[in-house]
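As a plain string of letters, each chain reads:
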Amino acid sequence: MTEPLGAAATAASRQGKTENLWFGHPAQLARLFTTEAMERFGYYGMRALLTLYLAQHFLFSDTTTTGLYGGFTALVYLTPLIGGMMADRFLGSKRSVKFGAILMSLGYAILCVSSTGGAAKPYAMIEGTRYEVTVEGSGEARKQYVTDHGAMLRIKGNEDKSVSLLRGDGSEARHVPAGGFEGGGERNPLYTFLLIVGLAFVTVGNGFFKPNISTIVGELYEQGDRRRDAGFTIFYMGINLGSLFSQILCPLLAVGMGSWGGLGWWAGFALAAAGMAVSWLLFQFDGGKLDGFGERPAGANASRDVVVYVGAILAIPLAYLLFANLMAYVKPPAGSGLVGYIMSLPIMGKIMFGTFIVAIPGILVWSWRNGDKREFEMMVAAIVLITFNTVFWTLFEQAGSSLTLFADRNTDMNVFGLFSITAGQTQFFNAFFIVALAPLFSMLWGTLARRGIEPGIPVKFGVALVGVGAGFLFLVWGAQFAGPDYKVALWWLAGLYLIHSMAELCISPVGLSMVTKLSIARIVGLMMGTWFLSIAVAQYVAGVVAQLANVETVGGEVTNLKVSLDTYVGVFQTIGEISALIGLVLLALSVPLKRLMHGVK
Ligand code: GLN
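Residues numbered from 1 in each chain as written. Predicted model: local features only at pLDDT ≥ 70, side-chain atom pairs only at ≥ 80, totals over all residues. Heavy atoms only, no water.

You'll find the protein chain entered in an unreviewed UniProt entry as Amino acid transporter, with Novosphingobium fuchskuhlense given as the organism. Recorded in UniProt under Sequence similarities (unreviewed entry), the annotation for the protein chain is "Belongs to the major facilitator superfamily. Proton-dependent oligopeptide transporter (POT/PTR) (TC 2.A.17) family." (UniProt positions renumbered as here; feature names shortened; annotations may be inferred.)

What follows is the structure in structure tokens.
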């Protein structure tokens, strides 16, 4: 029987502790719920700012902005592998979470400082001559001007990639043909340094925080306790509750809304830092509630802790270097093929794919040598499910890229004819549906379990894969009802997010739970890290898929909406069908997988 991490060492101190109930679950779940809600509040609040912050405050080019953003979010999911391992061997989950929380709070605080001055000074090269650029307002009200012979001229991009310089009355003072205008920014090295240091702190901190708080949730339940999936579903609701609020509030403080320009970037990051600090406070001062959970593993020597902490601090410059490498990234020339693509990956991408390819067989070999037959078979089942997980997130993560562009280009964003929402705001649907549906799913799993008909984990995963595919096919179906403007009603997109959110609830919390059930206890942190690693890989592949849906644009605008709609529909149909098919394969595999799981439900 696999035992929860540290169970032997701490069974006595937690005796009777899980008897107090919170919605029918161990009362400790409440503290883990609030801690994780506030942590995600910080993370998603920061994430909601990052792209615009890079593009508008630091004036990075689109390639650098998206490369840095994508690389950062992938690295954030890679470090849990190491953070999980450190918890397994040295710190235990609880110390890891506390340490991670401190690093992440500092990270957001450093990002806040990085925004307090030294915004990149914009300039423009207009047909070979350099002009200083003045920026006014922020958010949608943002306007840029060049000064020419004492006159302030507004810069306006046109559809044909030419640029107009407009006088105060809107008349055109000068027309710059396509290619004659290039914007740029002079960055202050100190503030750029702070930006990257801040991101590096968050990356390392998340590695210690995210996998280990999840394994503590698993510890609340005895092996075989049927409430475990429901408990993780409640925990998952916390994740989305936190992100829901901060994704609205942080951008609001930073760039405002409508004619209000907000308080500035610093305020958005300060709110993220404050949220993260609350998360740390909740966990650090738990009033003894979590005594006996996530403790140091039996046999680990407390004097080693400091080595881990120092090692982690030293990893921060390493993350810094990876980000610097990402910033220097140049896209491979078109048509360089798969080999060319892999060769041209930034170091970070190579490390990530390399780690995945090594970790998956590596963990199996380790389990074969160190576990008994039963433990090994359970680990095989876990690794197979983790691999399928990659497919789910590859599709799901289109939310931030191709689906947002689809919203922007081919969706009628009108809500009941009352008001319109922006493409970015469609991100709200997912978090909202998760918060709304998580309690229902938690109850559903509970009810089905009591009747003895709760589907097994592989079946839930299979349903999720079919579901994420079906979400896309639903939108493809809706596309035929597009108006003459080639725009699909918003409800089709909302429907897709509803289906995706239900699918997510069948795989994401269930997967976290699954890891804590099937893993050999000594390496549960590492396995949780591998779970997040599969998501890191998916984030990356998702970017490649999104590129398939690339649509020709001129000056950031799609010129032919019909071609755009057809392209999206084509790609969405293909990935929808592939995923649904893979889901069916997994459903068929659920029978042998069940055998490997030795009664784990
Ligand atoms: N939204 C969830 C979270 O932040 C899931 C993200 C993920 O695991 N890909 O934990």
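Engineer: Can you lay out the overall build of the protein chain for me, pointing to particular residues and giving the numbers?
Structural biologist: Counting secondary structure elements, the protein chain contains 17 helices and 15 strands. Taking 25 Å as the expected radius of gyration for a compact globule of 601 residues, we find that the protein chain reaches 25 Å, a close match to that expectation. With the C-alpha coordinates aligned to their principal axes, the bounding extent of the protein chain is approximately 80 × 55 × 50 Å. Sequence-distant contacts, at least 24 apart, represent 77% of the contacts inside the protein chain between residues at least 6 apart. Carbon and sulfur atoms provide 65% of the accessible area of the protein chain, an area that totals close to 25000 Å². (Helix = DSSP H or I, 4+ residues; strand = E, 2+ residues; numbered from the N terminus. Rg over C-alpha atoms; globule rule 2.2 N^0.38 Å. Contact = heavy atoms within 4.5 Å. Areas by Shrake-Rupley, 256 points an atom, 1.4 Å probe, with all protein chains shown as cover.)

Engineer: Go over the packing of aromatic side chains with me, naming the residues and quoting the values.
Structural biologist: Scanning the model with the defined rule gives 34 aromatic pairs in all. Ring geometry for Trp 393 and Phe 396: centres 5.0 Å apart, planes at 75°, overall edge-to-face. Pair noted here: Trp 393 and Phe 396 are both in helix α11 (residues 373-396), with a separation of 3 residues, about one helical turn. Judged by relative accessible area, which is 5%, Trp 393 ranks as buried. Residue class for Phe 396 comes out buried when judged on its relative accessible area of 8%. By the ring-pair criterion, three or more aromatic residues cluster together here, those being Tyr 53, Phe 58, Phe 60, Trp 265 and Phe 269. (Phe/Tyr/Trp six-rings, centres within 6.5 Å; stacked < 30°, edge-to-face > 60°. Buried < 20%, exposed > 50% of the residue type's maximum accessible area, 1.4 Å probe, protein only.)

Engineer: Any details on the side chain of Ser 367? Residues and values, ideally.
Structural biologist: As for its position among the elements, Ser 367 is in helix α10 (residues 347-370). On the accessibility criterion, Ser 367 (0% relative accessible area) is buried. Contacts of Ser 367, omitting those with residues within four sequence positions, involve Phe 376, Met 379 and Ile 520.

Engineer: Quick rundown of helix α2 (residues 28-57)? Include the residues and the values.
Structural biologist: Across its 30 residues, α2 extends 42 Å between first and last C-alpha, which sits within 8% of the 44 Å expected from 1.5 Å per residue. Along its length, α2 reaches its greatest deviation from straightness, about 35°, at Leu 50. Taking burial as the measure, the 30 residues of α2 include 21 buried ones, the bulk of the element. Just beyond α2, the residue with positive phi is Leu 59, at close to 55°. (Expected span 1.5 Å × (residues − 1). Bend = angle between axes of the 7 residues up to and from the residue.)

Engineer: Residues and numbers for the pairing of strand β8 (residues 172-176), please.
Structural biologist: Put simply, side chains in a regular strand alternate between the two faces of the sheet. Pairing of strand β7 (residues 163-166) with β8, which is carried by 4 bridges, proceeds in the antiparallel orientation. Within β8, the position partnered with Leu 165 by the bridge is Arg 174. Count of turn residues in the β7/β8 antiparallel hairpin: 5 residues, of which Gly 170 carries a positive phi of about 90°. (Pairing = 2+ DSSP bridges.)

Engineer: Quick one: what's the story with the site of the ligand, residue by residue and with numbers?
Structural biologist: Around the ligand lies a shell formed by Arg 40, Tyr 44, Tyr 77, Lys 210, Tyr 236, Ile 239, Trp 393 and Ile 535. One of the side-chain N or O atoms of Arg 40 is found 2.8 Å from an oxygen atom in the ligand. Here an oxygen atom of the ligand and a side-chain polar atom of Tyr 44 are 2.7 Å apart. Coverage of the ligand by the protein amounts to 94% of the 290 Å² it exposes when considered alone. Here the residues of the shell around the ligand are counted per class, giving 6 nonpolar, no polar and 2 charged. (Near = heavy atom within 4 Å. Polar contact = N/O pair within 3.5 Å; in protein donor to acceptor, adjacent residues only side chain to side chain. Nonpolar A, V, L, I, M, F, W, Y, C, P; charged D, E, K, R; others polar.)

Engineer: Explain the packing of helix α6 (residues 228-255) against helix α15 (residues 490-518) to me, using residue names and the numbers behind them.
Structural biologist: Close contact between α6 and α15 brings their axes to 9 Å; oriented N to C, the two are set at 120°. Judged on the interaxial angle alone, α15 and α6 are oblique. When you trace α6 past α15, the crossing you get is right-handed. Mapping the contact onto sequence places Arg 228, Asp 229, Phe 232, Thr 233 and Tyr 236 in α6 and Glu 504, Leu 505, Ser 508, Pro 509, Val 510, Leu 512, Ser 513, Thr 516 and Lys 517 in α15. (Axes fitted to C-alpha atoms, helices over the stretch in contact; angles between N-to-C directions. Parallel < 35°, antiparallel > 145°, perpendicular 65-115°, else oblique. Left-handed = near helix turned anticlockwise from the far one by under 90°.)

Engineer: Help me get a handle on the nonpolar core, residues and values and all.
Structural biologist: Judged by nonpolar contacts, the single largest core of 160 residues is most densely connected at Tyr 108, Phe 323 and Met 514. Excluding residues within four positions of it along the chain, Met 514 makes contact with Ala 382, Leu 385, Ile 386, Ile 457, Phe 461 and Trp 531. Counting 10 residues, the second largest nonpolar core, distinct from the first, contains Ala 124, Leu 153, Val 163 and Val 176. (Core = buried A, V, L, I, M, F, W, Y, C linked by side-chain atoms within 4.5 Å.)

Engineer: Requested: an account of the state of the cysteines, with residues and values cited.
Structural biologist: Counted by the stated rule, this structure contains 0 disulfides. In this model Cys 250 remains outside any disulfide bridge; the closest cysteine sulfur is found in Cys 112, 11 Å from its own. With a relative accessible area of 0%, Cys 250 lands in the buried category. (Disulfide = S-S within 2.5 Å.)

Engineer: How would you summarise the pattern of salt bridges if you had to cite specific residues and measurements?
Structural biologist: Counted according to the given criterion, the structure contains 15 salt bridges. Of the charged contacts in the structure, one is a salt bridge between Asp 566 and Lys 562, with a shortest N-O distance of 2.8 Å. With Asp 566 and Lys 562 both in helix α17 (residues 561-596) and 4 residues apart, the pair spans about one turn of that helix. Owing to a relative accessible area of 42%, Asp 566 belongs among the partly exposed residues under this scheme. Each of Arg 226, Asp 229, Glu 454, Lys 460 and Lys 517 takes part in salt bridges that share partners, so that together they form one network. (Salt bridge = Lys/Arg side-chain N within 4 Å of Asp/Glu carboxyl O.)

Engineer: Please provide a residue-by-residue account of unusual backbone geometry, values included.
Structural biologist: For His 149, which is not a glycine, the phi torsion comes out positive at approximately 50°. Considering the arrangement of structural elements, one finds His 149 in the loop between β5 (143-148) and β6 (151-157). Looking at His 149, the relative accessible area reads 80%, which means it is exposed. Residues other than glycine seldom take positive phi values, yet His 598 does so here, at roughly 50°. Among the secondary structure elements, His 598 is positioned in the segment after α17.

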